[in-house]
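Breakdown of the fold
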Amino acid sequence: MIHAYQEIYLSKAQSVLGDAFDYAVNACGIPGNEFVKLFIVSSVSNRMENGEPACIAGKSGIEIVVEIVAETKGQELQIEPQEHFERSKEYWIGWAVAYYQWYSSRKYSDIFKVISFEDLLKMYYTLHEADITKFVDIVDSRMKKYFFETNLKRIRTAFGFTQAGLAEHSGVSLRSIQMYEQRNKNINKASVDTVYSLAKVLGCTMEDLIEK
């Protein structure tokens, strides 16, 4: 599985986005759905998706919110952070979504197309004490139903290859790659050599490319 960025930054990214959601909603009074919209149209979401150290390791969640509001609304926030000792529902939402984005390499905008802030609030009560893999499985299932893209396309896109680029580097024909991604050919029935060539270029395992 190819993740969005190096795992050493994951914990920090989770805490930053968790603190950002908590601060935006509970301290600044920004409705959750509105903050989601501001976040995904800001440059911050793109920088976090790419694991930019200056963003996820160099700033606090509060600083992230201030930057998002300034960039998207042209407003300056001057609300003092409130001290809290328990993790809020909003913190868990940011924390869990940051994990899923890292795990899946998907864009935040795509994630929030499939699962809304209200959906996440409902999930909090049953999942906030569960292993994060349960959250991942639920969101993964919804994402696959919504986008219905193949593992090959998802991994290729995350890696930054065009179909033509992957064909050139792997030796697998462009037409075959197109047909696998359009589900006109079943990659599960492709030759071992073909799947191995694709996996080697994409830095994943052969199993990652197989459709379950």
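Sequence order as written defines the numbering, with residues in each chain counted from 1. The predicted origin of the model limits local features to residues at a pLDDT of at least 70 and limits the giving and counting of side-chain atom pairs to 80 or more, whereas totals for whole chains, interfaces and linings rest on all residues. Values shown for side chains rest on all heavy atoms present in the structure; no hydrogens or waters enter the calculation.

**Comments concerning the nonpolar core**
- As used in this record, nonpolar core signifies buried Ala, Val, Leu, Ile, Met, Phe, Trp, Tyr and Cys residues forming a set joined through side-chain atoms within 4.5 Å. Burial classes: relative accessible area under 20% of the type maximum marks a residue as buried, over 50% as exposed, and values in between as partly exposed (1.4 Å probe, protein chains only). Membership of the largest hydrophobic core comes to 49 residues, with the highest contact counts inside it found for Met 48, Tyr 108 and Phe 135.
- Put simply, DSSP H or I for four residues or longer makes a helix, DSSP E for two residues or longer makes a strand, and each gets a number counted from the N terminus. The element best represented in this core is helix α1 (residues 10-27), accounting for 10 residues.
- Contacts were defined at the residue level, with two residues in contact if any of their heavy atoms lie within 4.5 Å. Ignoring any residue separated from it by four or fewer positions in sequence, one finds Phe 135 in contact with Trp 92, Ala 96, Val 97, Tyr 100, Leu 120, Met 123 and Leu 127.
- In this structure, Ile 187, Val 195, Leu 198 and Cys 204 belong to the second largest nonpolar core, which totals 17 residues.

**Topic: unusual backbone geometry**
- You will see that Ser 105, though not glycine, has its phi angle at about 65°, which is positive.
- You can see Ser 105 is positioned in the loop between α6 (89-104) and α7 (108-114).
- Positive phi, normally seen in glycine, also occurs at Phe 148, with a value near 50°.
- Summarising the element assignment, Phe 148 is placed in the loop between α9 (132-147) and α10 (151-159).

**What to know about helix α12 (residues 174-181)**
- All buried positions along α12 are accounted for by Ser 176, Ile 177, Met 179, Tyr 180 and Glu 181.
- At its buried positions, α12 is contacted by α10, α11 (163-170) and α13 (192-202).
- The positive-phi residue at the C-terminal boundary of α12 is Arg 183, with phi of around 65°.

Remember, this is a structural readout, not a statement about activity or role.
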